[in-house]
Structure formats: C-alpha cells, structure tokens
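Here is what each chain is made of, one letter per residue.
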Amino acid sequence: MNLVIAAHPDDEVLGCGGTIARLAGEGQDVHILILGEGATSRYAQRTEAPAADLRRLREQAHKAAALLGAKGVTVHGLPDNRFDTVPLLDIVKAIETHVNRLQPETMFVQHGGDLNIDHALTFRAALTAARPMAGAPVKRVYAYEVPSSTEWSFGQFAPAFRPNTFVDIGATFRRKQEAMALYEEEARAFPHPRSPEALEAHARYWGSAAGLEAAEAFQLIRETR
C-alpha cells in the first residue's frame, strides 16, 4: 500500500504522477491525501474564493487520480499557503487518520526544504505521523520535489533536496502530462517550471542522471527493513 501526501491539488501530479501511474499499472494500491484547498491565496481577501473554484479543484484532483490509476483521493480544506496558521498537531492528526486507516508501507511526501511553507509543514507533519514506533505500518518514506517550489528555494532552506532514488517513468510520463493538463488553472506557459515543456525537460534530465529516458527523483528519508 502506497500513500501519497500533498499540500495542494496538483503537487501530487507534479512530484510523482509518473510513479503513481507506474505503481498502479503494476497492480499496487495507491491512495492520495491532499491537505489544502489550494485556491484562497489567489484572492486579496482570503474569503473571496468562489465556492465554484474550490469545487472545481476537488473535481480535477479526483479526475487526475483516476487517470493515474490511484485507488482514491481525499482533499482536506486546510487554508492555502497558510498552513502556518494551523496548529501543527492538527495537520499531523489529519495524516495519522489516513495512516491508521490505510496502513501504508510506503509514503511519498513533498520535500521539507521547499520554498512553499505549506510544503515544508506537510513534510514535517508527515514524518511525525509516520514515526517508526512499534507496530507502525510505514516502512519507507520518500520525499519528492515540486517544480516551481523545490528548485526556487535555491537550496537556502534546510534540508536541501538530494535525490538518491530514481523511478523510471518512460512508459507513464505522458499520463502524467495528461493528468497535469486537467489542472487547467495550475499549468503555465514555458519557461515556467509547470509548463508541459519544462516538465518533460525535467523528466529527461533526471532520466539522463539515472541512465533512463525519463525519471522522477526522490530522496529516501528512511527505510525500515
């Protein structure tokens, strides 16, 4: 069982969409937990976000998950780009609920050195929820990068992203692109890191680093054998 944790709708696709599709294609169960609502920071008054925007993002998240082959997706409503206004314990408990219910052996979560504060707090909360106590289900924790956040920290926020695990997504990269295209408001034109061209260049870059045509990069945080 694999659990992918993301702060915002689209982070799960940007960071490990190809890996989700590959795992699902191999017959593995993948569940996605998205903690934030992903829209209210776009407005001067945070309460101005139309309900239709929030509903559309949730619908897009479910469509993307289905396209990638995930078994299910849950979207919480934590305030966008304001996770630092929420008690960390509340974020931990939201993740713990899913860990206890799903009993995942492998967890994927965005990297803790990202520029986005929600990403950093999601990483910390996930590690807390997955702490290796006796009987805990999570045996492996991988951190993934999110284009337009991980690289834009320029390594100034510890810990820096140091990938040491690469997943071949040569056969699933196009599915990742299709899933990202479902998030119509999140994609950007080249040379933005979330543009289709930049995402492909990124996958080709990590592929070349690992002797593959296309890859997603992860940092293994811990593994219990």
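Residues numbered from 1 in each chain as written. Predicted model: local features only at pLDDT ≥ 70, side-chain atom pairs only at ≥ 80, totals over all residues. Heavy atoms only, no water.

A.B. asks: Got a minute to help me understand the nonpolar core in this structure?
C.D. replies: Across soluble globular proteins, you tend to see nonpolar side chains buried next to one another. Counting residues in each nonpolar core, the largest one holds 34 residues, and the members touching the most others are Val4, Ile20, Ile32, Ile34, Phe108, Tyr144 and Tyr183. Broken down by secondary-structure element, the contributors of at least two residues to this core are β1 (2–6), α1 (11–25), β2 (30–36), α2 (51–68), β3 (72–78), β5 (140–144), α5 (173–182) and α6 (196–210). With 25 residues, the next largest nonpolar core counts Ala7, Val99, Leu121 and Val141 among its residues. (Core = buried A, V, L, I, M, F, W, Y, C linked by side-chain atoms within 4.5 Å. Buried < 20%, exposed > 50% of the residue type's maximum accessible area, 1.4 Å probe, protein only. Helix = DSSP H or I, 4+ residues; strand = E, 2+ residues; numbered from the N terminus.)

A.B. asks: What is the right way to look at the packing of aromatic side chains in this model?
C.D. replies: Any aromatic ring pair is given by two values, namely how distant the centres are and how the planes are angled relative to each other. On inspection of all chains with the given rule, the structure shows five aromatic pairs. Relative to Trp206, the ring of Phe166 has its centre 5.6 Å away and its plane inclined at 40°; by these criteria the two rings are tilted. Here Phe166, found in strand β6 (residues 165–168), pairs with Trp206, found in helix α6; they are 40 residues apart in sequence, far enough to count as distant. Looking at Trp206, the relative accessible area reads 13%, which means it is buried. Through a chain of ring-to-ring contacts, the aromatic side chains of Phe108, Tyr142 and Phe218 assemble into a single cluster. (Phe/Tyr/Trp six-rings, centres within 6.5 Å; stacked < 30°, edge-to-face > 60°.)

A.B. asks: Got a minute to help me understand helix α3 (residues 88–102) in this structure?
C.D. replies: Compared with the 21 Å implied by 1.5 Å per residue over 15 residues, the 22 Å span of α3 between its first and last C-alpha is a close match. The complete set of buried residues in α3 reads Ile91, Val92, Ala94, Ile95, Glu96, His98, Val99 and Leu102. Looking at the buried residues of α3, the elements they touch are β1, β2, β3, β4 (106–110) and α4 (117–129). A positive backbone phi angle near 55° is found at Gln103, which sits one or two residues after α3. (Expected span 1.5 Å × (residues − 1). Contact = heavy atoms within 4.5 Å.)

A.B. asks: Explanation requested: unusual backbone geometry in the structure shown.
C.D. replies: Phi is mostly negative for residues that are not glycine, and the peptide bonds are mostly trans. With an omega of 0°, the peptide bond between Ala158 and Pro159 qualifies as cis. You can see Pro159 is positioned in the loop between β5 and β6. In this chain, Phe190 is followed by Pro191 through a cis amide linkage whose omega measures 15°. Even without glycine at this site, Phe154 takes up a positive phi of about 50°. For Phe154, the location among the structural elements is in the loop between β5 and β6. Looking at Phe154, the relative accessible area reads 64%, which means it is exposed.

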